[in-house]
Structures are given as structure tokens and as C-alpha cells.
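Report on the structure
So you can see what is in the structure, the chains are spelled out below.
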Amino acid sequence: MALAGAIYANFFAHHFLPDLRLALFAAAALLFGRTMVRFRPFRAVRSMPLLLGWLLVALFIWFAAAKLGAWYLLMIISFVLVATLHGGTGQRRASDQAN
């Protein structure tokens, strides 16, 4: 949550304070570098590094909006907000573990 707050503050503060994007990218790499996400596109459960997932989403948005770094950091904020709203604890439900 602290990283998401810093990213959010940087979106506004970089106009009159130093831009901290590189430090924010480094902090994201330190915090989430080993994190994997699991997803099921059809029947098979697959996994990928979380940072790669955020990068791919940001890349495809960048194709439309030309702001890769900003969208990448926005993905982190969005992920934290959704996880917070849905009570993300990092633990899998019993129904997910059975599959």
C-alpha cells in the first residue's frame, strides 16, 4: 500500500518535485520480483511473473496511449486497490486449491 501511495503521489507531485519513477520501478521490482500470478484462460491453470503481467498490460495500453511507464505504475495502484477492496490476503481459497 505504501508503494501504491507513493506512485499516486508521484503522479501529481512530479510537476513540481523530482520525478521518482525510476525509484518506484526499483521498489516494485524489489517488492514483487518473485511474485507469480495464476490464471486459467480455459481449463489449464497457468502462471506468470506478476511484473511481466503488469508490463504486458502497460505495453498494450501504451500502443494506444504512448505512456508505457505511467501505465505500468497505474497498474500497480489498480492491483492494490482491487486487492484491498476484495480483501486480498495472498491466501488461496480451498476451492481454488482443489483445482
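Scroll up for the structure.
Below: a short report on this structure. (Residues numbered from 1 in each chain as written. Predicted model: local features only at pLDDT ≥ 70, side-chain atom pairs only at ≥ 80, totals over all residues. Heavy atoms only, no water.)

Pairing of strand E1 (residues 36-39) with strand E2 (residues 46-49) involves four bridges; the strand directions are antiparallel. Each bridged residue has a counterpart across the sheet, and for Val37 the counterpart in E2 is Met48. The hairpin turn running from E1 into E2, its antiparallel successor, is six residues long. (Pairing = 2+ DSSP bridges. Helix = DSSP H or I, 4+ residues; strand = E, 2+ residues; numbered from the N terminus.)

With that out of the way, let us pick up helix H2 (residues 21-32). Across its 12 residues, H2 extends 16 Å between first and last C-alpha, which sits within 8% of the 16 Å expected from 1.5 Å per residue. Among the residues of H2, those classed as buried are Leu24, Ala28 and Phe32. An end-on view of H2 places all buried positions within 40 degrees of arc, on one side of the element. The outward face of H2, more than 90 degrees from its buried face, is lined by the exposed residues Leu22 and Leu30. (Expected span 1.5 Å × (residues − 1). Buried < 20%, exposed > 50% of the residue type's maximum accessible area, 1.4 Å probe, protein only. Arc of directions from axis to C-beta.)

It is the contact of helix H1 (residues 2-13) with H2, at a shortest axis distance of 11 Å, that shows an interaxial angle of 165 degrees. One way to sum up the angle between H1 and H2 is to call them roughly antiparallel. Considering how the two elements wind past one another, H1 and H2 form a crossing that is left-handed. Contact residues: H1 offers Leu3, Ala6, Ile7 and Asn10, while H2 offers Arg21, Leu24, Ala27, Ala28, Leu31 and Phe32. Residues belonging to the contact of H1 with H2 are distributed by class as follows: eight nonpolar, one polar and one charged. (Axes fitted to C-alpha atoms, helices over the stretch in contact; angles between N-to-C directions. Parallel < 35°, antiparallel > 145°, perpendicular 65-115°, else oblique. Left-handed = near helix turned anticlockwise from the far one by under 90°. Contact = heavy atoms within 4.5 Å. Nonpolar A, V, L, I, M, F, W, Y, C, P; charged D, E, K, R; others polar.)

Once that is clear, we can look at helix H4 (residues 68-85). Here H4 contains 18 residues, and its C-alpha end-to-end distance of 26 Å stays within 8% of the 26 Å for a straight helix at 1.5 Å per residue. Of the residues making up H4, those classed as buried are Tyr72, Leu73, Met75, Ile76, Ile77 and Val80. Of the surrounding elements, those touching the buried residues of H4 are H1, H2 and helix H3 (50-65). After H4 finishes, the residue Gly87 shows a positive phi value of roughly 70 degrees.

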